[in-house]
Amino acid sequence: MSCNSWLNIIQNAMKTAVIEDGKRKVHFLLENGKEMVEEYNLDTNVVVRRAWKAKNGFGTNIGWTIEVGDPEIKVDNIEIYGIQESSNAPIITRRITKTSLEWRIRNLPYPESVYSVTAEPDDTMTIRTSNKKYFKKIKIPDLERIGLKPEQQRISFRHQYNTLIITYKKPPQLLDVEKKILTTVLHLNTDSKDVQCPTS
């Protein structure tokens, strides 16, 4: 997909917007039937959450998958299944800033010197540790949607408080597309949900 085709998909989507909980929430119904919701910080106009409505192989809605922002709080499965995910398992969350894409991988206790983060020919970023304790491929949908491959020189990372923080500096093409999408979003009429309803 090229920059223009993704931009066209967004511009041609049916869009509704509300101001709620101090955020601009925008619902996109794309021409292919997919649904996406983005939440923008009202002060910075940066996306703080992006979610896609997920369907199973039979076309049944199975909830929302979070692309950007903190994942949904999971119900404690131990009551239902008698098993529970380890609270020490690495957890990946994604953030977006004005200039970069960011991933935080929590519960990685190893020293910074053991990590490497590389741009791969299959359009992913791969995180490895030299002690063979962790390996993960990460897709970058922001780049995939506009037909760009990850570039090594845009990747940096640091490690603190058992968390690996990976930063990918946005290329000019992505900044341009985001700017045009934001312009489209800011022109939408919004219904504020922060109004007080009269009590009957």
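For every chain, the first residue of the written sequence is number 1, and numbering continues from 1 along that sequence. Per-residue local features are limited, in this predicted model, to residues with pLDDT of at least 70; the limit for side-chain atom pairs, both in listing and counting, is 80 or more; totals at the level of whole chains, interfaces and linings are taken over all residues. For side-chain calculations, the full set of non-hydrogen atoms in the structure is used, while hydrogens and water are omitted.

Per an unreviewed UniProt entry, the protein is named Protein DPCD, and its organism is Pogonomyrmex barbatus.

Colleague: Just checking my understanding: could you explain the environment of Lys 98 for this structure?
Modeller: Counting through the fold element by element, Lys 98 comes out in the loop between β6 (91-96) and β7 (100-106). Think of it in three bands: with a 1.4 Å probe and only protein chains considered, a residue is buried below 20% of the maximum accessible area for its type, exposed above 50%, and partly exposed in between. Residue classification places Lys 98 among the exposed residues on the basis of a relative accessible area of 54%. There is a polar contact of 2.8 Å between the side chain of Lys 98 and the backbone oxygen of Thr 44. The secondary structure listing takes helices from DSSP runs of H or I that are at least 4 residues long and strands from runs of E that are at least 2 residues long, numbered from the N terminus. Polar contacts here mean pairs of N or O atoms no more than 3.5 Å apart (in protein, one a potential hydrogen donor and the other a potential acceptor; neighbouring residues in sequence count only if both atoms are side-chain atoms).

Colleague: Sorry if this is basic, but what is going on with the sheet that holds strand β9 (residues 124-129) here?
Modeller: Strands in a sheet are paired, the pairing made by backbone hydrogen bonds, and the direction either parallel or antiparallel. Two strands pair under a simple rule: DSSP has to find at least two bridges between them. Spatially, three strands are ordered β8-β9-β10 in an open sheet, and the strand pairing comes out antiparallel. Both outer strands of the open sheet, β8 (115-119) and β10 (135-139), are each paired with one neighbouring strand and no more. In this sheet, neighbouring strand axes are inclined to one another by 20 degrees on average, regardless of whether the strands run parallel or antiparallel. In this structure, β8 lies alongside β9, joined through five bridges in antiparallel fashion. Bridge assignment links Thr 118 to a residue of β9, and that residue is Thr 126. All axes here are fitted lines through C-alpha atoms, helices being fitted over the stretch that makes contact, and every angle between N-to-C directions spans 0 to 180 degrees.

Colleague: Please explain the pairing of strand β3 (residues 35-41) as it appears in this structure.
Modeller: Every other side chain in a regular strand lies on the same face of the sheet, so the side chains alternate between the two faces. With five of its seven residues buried, β3 lies for the most part within the structure. Looking at chain direction, strand β2 (residues 23-29) and β3 are connected through seven bridges and run antiparallel. In the sheet register, His 27 faces β3, and the bridge partner there is Val 37. Hairpin connection from β2 to β3: five residues lie between these consecutive antiparallel strands, with Gly 33 at a positive phi of about 90 degrees. With five bridges connecting them, β3 and strand β4 (residues 47-55) associate as antiparallel partners. Within β4, the position partnered with Glu 39 by the bridge is Arg 49. Counting the residues between successive antiparallel strands, the hairpin from β3 to β4 contains five residues, one of them, Asn 45, with a positive phi of roughly 60 degrees.

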